[in-house]
Amino acid sequence: MGGQFGMRLVVWLLLLVGSVCGKFLAIVDDVPKGAAGVLDINGLKVMILDSMEEVSAAEDGPKVLRYREVFDGEVTAFGKCELSDPEAGWGLRALHTVDGGIAEAYMYNATGGEGVVVYVLDTGVRCSHTVFNGRCEWGANFVPDAPKRDEHGHGTHVAGVIANISRAATIKAVKVLDSTGHGSYESIVSGLHWTLNDIKEHGKPSVINLSLGGPASSLINEVFEKVPDDVILVVASGNDGEDACKYSPGSAANTINVGNVMLSNAGFFLDSTSNYGSCVDINAPGTLILSASNADDVRNVYKTGTSMAAPHVAGVVANYLSAAPAGTTYAEARDMLASTALNDTIQGVPPETPNSFLHVPCDGAVPTNDTLDNCFGRYAHVFDRSGSFRYPANGGNYANNEYLCFEIACSGFEFTVDWVDLEEDVDYLNFKTESLYAGFTGSWSNGIDSIHFNGTTVFVFESDDSITGDGFNVSWECASPSGTTHAPTTPAPTPVPPTSAPTP
């Protein structure tokens, strides 16, 4: 992907559920009244057992119909458009794509999602973040010895996407993954069980977002397929670039399975890491998505993956349910998505994968030419004369999950990477020139001091969520129409950290 589009995109944010040896998921019958440890999933009796001995022992009580060692592999984790948000990120604006161009603003109804509850089964959610505006509640925590908060950031980001799309829906956090993004099937099934009981209590239309998954399991799918038809399950397809049917719970028959679309200079593409195939129902924006951070109550970060695509669908479905008749089913929600989607818009879609792109029709949506080349229309900086640029401006290390985009707009210049100190082969400073279309791209990590070239250029800096470095310092000389150069700017322009970017 980086070679094709001239930048290395941050990938793999679908969470992993860790391998825990010796656990068994059992479907049971003849359960004695009051039997401990039995989860009722809409009439399906489920037990999670520690060993084969417990399976045998259970046969003297509840009858074991079928069982499987479930920890044998890692699980990888409409209304009217009355208002507009011109500061929204590209993912939200792409929901109103017109004539191949993303809209200049995200358009929405202030009451979209009203009366609907969206459950986020994930690492937890920082409900105090301003994006939720008091609409987020903590539901339950199924991670042993873990605090009742999002220690990782994945769940907050996912929930933020939903809240940005569905402006009146209630978000409920159900923590099933820990601070490292790992968890267990026990936690996930327990979280699902709690969620279904909570839905029974309030009786409101509900969506469950699952930006997680793992190796296909008939038993896991059977559990999820017992979810009532009027509870909508939205699941990330996975980030392995493989057949989505190889993963659960996304391959369960009653889930809406979502692939990841990226926006490049050449249009919409299925992200090369996205899973694909006949189990995918629809594709949605998932690459370089701006949403809420768990670091504080106002910060936002960029993340990439099918984990980010799924909540776009969950938010749209929440808006749909708020205006739909009571009891609207999964099949009706899926048909709505299919009937409004843009077809044959995405490039690079493998065979048997639906070329279906999430779409929210809105009268008055105005298309733009915003693409990856122009930072989706959201430059941090544009420079039209000679200068230099240090990031971070005031020294110290750059932060995790940063995305910084700037353009050197003068035609004809010489560019120098004075020094760079980034996490090697993970964090990158990338450039894209006019000659990109002839196959010329470049990027720096560590160990390169100075490179010179000419051409109008967009630069992108990306960091992941692990080790950080001192950043970089670059300088350039722009040629004026007379062939002379402008004097370098002094002092160097101060960059605006992307973490303080407006909430989409």
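The structure reproduced in this document is the subject of the present report. (Residues numbered from 1 in each chain as written. Predicted model: local features only at pLDDT ≥ 70, side-chain atom pairs only at ≥ 80, totals over all residues. Heavy atoms only, no water.)

1. So, the packing of helix H4 (residues 154–165) against helix H7 (residues 306–323)
Across the interface, H4 lies against H7 with an axial gap of 8 Å and an inter-helix angle of 35 degrees. Crossing of H4 over H7 shows right-handed handedness. Listed contacts from H7 to His-154, His-157, Val-158, Val-161, Ile-162 and Ile-165 of H4 are Ser-307, Met-308, Pro-311, His-312, Ala-314, Gly-315, Val-316 and Asn-319. Its residues placed into classes, the contact of H4 with H7 shows eight nonpolar, six polar and no charged. (Axes fitted to C-alpha atoms, helices over the stretch in contact; angles between N-to-C directions. Helix = DSSP H or I, 4+ residues; strand = E, 2+ residues; numbered from the N terminus. Left-handed = near helix turned anticlockwise from the far one by under 90°. Contact = heavy atoms within 4.5 Å. Nonpolar A, V, L, I, M, F, W, Y, C, P; charged D, E, K, R; others polar.)

2. What about the side chain of Thr-97?
Its location among the elements puts Thr-97 in the loop between helix H3 (90–93) and strand S6 (106–108). There is a polar contact of 2.7 Å between the side chain of Thr-97 and the backbone oxygen of Ala-94. In contact with Thr-97, not counting residues within four places along its chain, are Ile-102, Phe-268, Leu-342, Phe-357 and His-359. (Polar contact = N/O pair within 3.5 Å; in protein donor to acceptor, adjacent residues only side chain to side chain.)

3. A few points about helix H8 (residues 330–340)
Within the span of H8, buried status applies to Tyr-330, Ala-333, Met-336, Leu-337 and Thr-340. The buried residues of H8 all sit within an arc of 125 degrees when viewed along its axis, so they share a single face. Elements in contact with the buried residues of H8: strand S12 (231–236), strand S14 (255–264), strand S16 (282–285), H7 and strand S19 (342–343). (Buried < 20%, exposed > 50% of the residue type's maximum accessible area, 1.4 Å probe, protein only. Arc of directions from axis to C-beta.)

4. Quick notes on the pattern of salt bridges
One pass over the full model with this rule turns up eight salt bridges. Among the salt bridges present, the one from Asp-335 reaches Arg-334, with a minimum N-O distance of 3.9 Å. Several salt bridges converge on common partners, so that one network encompasses Glu-137, Lys-172 and Asp-198. (Salt bridge = Lys/Arg side-chain N within 4 Å of Asp/Glu carboxyl O.)

5. With respect to the nonpolar core
Counting residues in hydrophobic clusters, the biggest one holds 62 residues, and the most contacted among them are Val-207, Ile-232, Val-258, Val-313 and Leu-337. Looking at this core element by element, the count peaks at 10 residues for H7. Ignoring any residue separated from it by four or fewer positions in sequence, one finds Val-207 in contact with Val-116, Val-117, Val-118, Tyr-119, Ile-232, Val-234, Ala-314, Val-317, Ala-318 and Leu-321. (Core = buried A, V, L, I, M, F, W, Y, C linked by side-chain atoms within 4.5 Å.)

6. With respect to the pairing of strand S9 (residues 170–175)
Within S9, five of the six residues are buried, which leaves the element mostly enclosed by the surrounding structure. Where strand S8 (residues 136–141) meets S9, five bridges bridge the pair, whose relative direction is parallel. Across the sheet, residue Cys-136 finds its bridge partner in S9, namely Ile-171. Regarding topology, H4 serves as the crossover connection from S8 to the parallel S9, and that connection is left-handed. (Pairing = 2+ DSSP bridges. Right-handed = clockwise from strand over helix to strand, strands pointing away.)

7. Considering the state of the cysteines
Taken as a whole and assessed by the stated rule, the structure comprises two disulfides. Each sulfur in the disulfide pair Cys-127 and Cys-136 lies 2.1 Å from the other. Across the S-S bond of Cys-127 and Cys-136 the torsion is about -40 degrees, and the bridge reads as left-handed. Taking the relative accessible area as the measure of exposure, Cys-136 reaches 10% and is therefore buried. One disulfide bridge connects Cys-245 with Cys-279, the sulfur atoms lying 2.1 Å from each other. Around the S-S axis, the bridge from Cys-245 to Cys-279 shows a dihedral of about 110 degrees and counts as right-handed. Placement of Cys-245 in the loop between S12 and strand S13 (247–248) and of Cys-279 in the loop between strand S15 (267–270) and S16 is noted, with a sequence separation of 34 residues between them. (Disulfide = S-S within 2.5 Å.)

8. Considerations on unusual backbone geometry
With an omega of 5 degrees, the peptide bond between Ser-248 and Pro-249 qualifies as cis. Within the element layout of this structure, Pro-249 appears in the loop between S13 and S14. Positioned with a positive phi, Asp-344 is a non-glycine residue whose angle comes to about 60 degrees. Summarising the element assignment, Asp-344 is placed in the loop between S19 and strand S20 (356–357). Its relative accessible area of 66% is what places Asp-344 among the exposed residues.

9. Remarks on the packing of aromatic side chains
This model, assessed by the stated rule, comprises three aromatic pairs. Judged by centre distance (6.4 Å) and plane angle (75 degrees), the ring pair of Tyr-119 and Trp-194 falls under edge-to-face. With Tyr-119 in strand S7 (residues 117–122) and Trp-194 in helix H5 (residues 185–202), this residue pair connects regions lying 75 residues apart in the sequence. Overall, the relative accessible area of 24% leaves Trp-194 in the partly exposed class. Summarising the aromatic geometry, the rings of Phe-268 and Phe-357 are spaced 4.7 Å apart at their centres and angled 45 degrees between planes, so their arrangement reads as tilted. Of this pair, Phe-268 sits in strand S15 while Phe-357 sits in strand S20, placing them 89 residues apart in sequence. When its relative accessible area of 3% is taken as the criterion, Phe-268 is described as buried. The residue whose ring lies beneath Arg-167 is Tyr-108, and the NZ or CZ to ring-centre distance is 4.1 Å. (Phe/Tyr/Trp six-rings, centres within 6.5 Å; stacked < 30°, edge-to-face > 60°. Lys NZ or Arg CZ within 6 Å of the ring centre and 35° of its normal.)

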